[in-house]
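# Analysis of the macromolecular model
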Amino acid sequence: MSGKRRDAFGLLLATLLALGLILWGACFWIAPVWQWGYRPAAYEAPAAPRQESEETVRWPIDLNRADAQQLMQLPGIGEVKAAAILAYRAEHGAFRTVEELDEVRGISARMVESWDGLVEVGPAC
């Protein structure tokens, strides 16, 4: 190979190597276009606004008159805990104080404290 051809081949090889490094750096170092091991987050459409139910909760809830549906409006109360409150009320009679709730299995004193203003004890039914 002549000297000029060798120089041209070396220049072409260096140019291709430089372009390859630039492309590789642009794709993986500067602005990672491909990231292996990560899945893009799935698109979730915004949730529709909640419709107000016809029966709005009237606060505070009377522990001696509330049914399971009303009790389930309290934070942290589902079907099981609402049933436990109703069973306790059926077994021991009407609640005398709100603090008596922490004697119900599954209800803690901390939960009762967080319901300040949400529950009350009215006259027995």
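Throughout what follows, the structure given in this document is the object of discussion.

Basis of the calculations
- Residues numbered from 1 in each chain as written.
- Predicted model: local features only at pLDDT ≥ 70, side-chain atom pairs only at ≥ 80, totals over all residues.
- Heavy atoms only, no water.
- Helix = DSSP H or I, 4+ residues; strand = E, 2+ residues; numbered from the N terminus.
- Contact = heavy atoms within 4.5 Å.
- Areas by Shrake-Rupley, 256 points an atom, 1.4 Å probe, with all protein chains shown as cover.
- Patch = residues over 30% accessible without salt bridge, like charges linked within 9 Å, V, L, I, M, F, W, Y side chains within 5 Å.
- Salt bridge = Lys/Arg side-chain N within 4 Å of Asp/Glu carboxyl O.
- Lys, Arg positive; Asp, Glu negative; His and termini not counted.
- Charge placed at Lys NZ, Arg CZ, Asp CG, Glu CD.
- Core = buried A, V, L, I, M, F, W, Y, C linked by side-chain atoms within 4.5 Å.
- Buried < 20%, exposed > 50% of the residue type's maximum accessible area, 1.4 Å probe, protein only.
- Polar contact = N/O pair within 3.5 Å; in protein donor to acceptor, adjacent residues only side chain to side chain.

### Examining the overall build of the chain
From N to C terminus, the chain includes four helices and two strands. Shown N-terminal to C-terminal, the secondary structure of the chain runs as helices and strands in the order α-β-α-α-α-β. Considering only intrachain contacts with a sequence separation of at least 6, the fraction spanning at least 24 residues in the chain is 47%. Total accessible area computed for the chain in this model is approximately 10,400 Å², and 58% of it derives from carbon and sulfur atoms.

### Description of a negative patch on the surface
A surface patch of negative charge is lined by Glu99, Asp102, Glu103, Glu113 and Asp116. Tracing the chain through its elements places glutamate 113 in helix H4 (residues 109-114).

### As for the nonpolar core
One broad rule of soluble globular proteins: the nonpolar side chains tend to lie buried together. With 18 residues, the main nonpolar core has Leu71, Ile77, Ile85, Leu101, Ile107 and Trp115 as its most contacted residues. Elements represented by at least two residues in this core include exactly helix H3 (79-92) and H4. Ranked by residues supplied to this core, first place goes to H3 with three residues. With sequence-adjacent residues up to four places away left out, isoleucine 107 is seen in contact with Ile77, Lys81, Ile85, Leu101, Asp102, Val112 and Trp115.

### Here we look at the environment of alanine 83
Topologically, alanine 83 is positioned in helix H3. Judged by its relative accessible area of 42%, alanine 83 falls in the partly exposed class. Taking the C-alpha atoms as reference points, alanine 83 and aspartate 67, 16 residues apart in sequence, are found 9.1 Å from one another.

### Here's the deal with the side chain of aspartate 62
Relative to the helices and strands, aspartate 62 is located in strand S1 (residues 61-62). Of the residues examined, aspartate 62 reaches a relative accessible area of 12% and is grouped as buried. Polar side-chain contacts of aspartate 62 include one of 2.9 Å to the backbone nitrogen of glycine 122. Apart from the residues within four sequence positions on either side, aspartate 62 is in contact with Glu120, Val121 and Gly122.

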